[in-house]
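Geometric and topological summary
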Amino acid sequence: MWKLIVGFVIFAAVSLFVIMKGGDKLDLSGEKHGGESATHAPEPAKAGSEPK
């Protein structure tokens, strides 16, 4: 039982260290859906480069 408690305390300490070290650069909001996420749309074809 004591191993579980020690493991939790170590996990909590590491988590807090990472959060404090990241500061305001951490984004904990999860997946992004919408305009701010990167889109993978193909580039438009240039004029004169139509396939024959």
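Read on for a plain summary of the structure.

Cut-offs used in this document
- Residues numbered from 1 in each chain as written.
- Predicted model: local features only at pLDDT ≥ 70, side-chain atom pairs only at ≥ 80, totals over all residues.
- Heavy atoms only, no water.
- Helix = DSSP H or I, 4+ residues; strand = E, 2+ residues; numbered from the N terminus.
- Buried < 20%, exposed > 50% of the residue type's maximum accessible area, 1.4 Å probe, protein only.
- Areas by Shrake-Rupley, 256 points an atom, 1.4 Å probe, with all protein chains shown as cover.
- Expected span 1.5 Å × (residues − 1).
- Patch = residues over 30% accessible without salt bridge, like charges linked within 9 Å, V, L, I, M, F, W, Y side chains within 5 Å.
- Salt bridge = Lys/Arg side-chain N within 4 Å of Asp/Glu carboxyl O.

Comments concerning the overall build of the chain
For the chain, the helix and strand inventory stands at one helix and zero strands. Every one of the 52 residues in the chain was classed for burial, and the buried ones make up 2%. Only carbon and sulfur atoms are counted for the fraction: they give 67% of the accessible area of the chain, which is about 5500 Å².

Some points on helix 1 (residues 2-22)
Helix length check: helix 1 (21 residues) gives 30 Å between terminal C-alpha atoms against 30 Å at 1.5 Å per residue, within 8%. Of the residues trailing helix 1, G23 is marked for its positive phi of about 65 degrees.

Quick look at a nonpolar patch on the surface
Where nonpolar side chains cluster on the molecular surface, the patch consists of W2, V6, I10, V14, F17, V18, I19, L26 and L28 and spans about 930 Å² of accessible area. Following the sequence through the fold, L28 ends up in the segment after helix 1.

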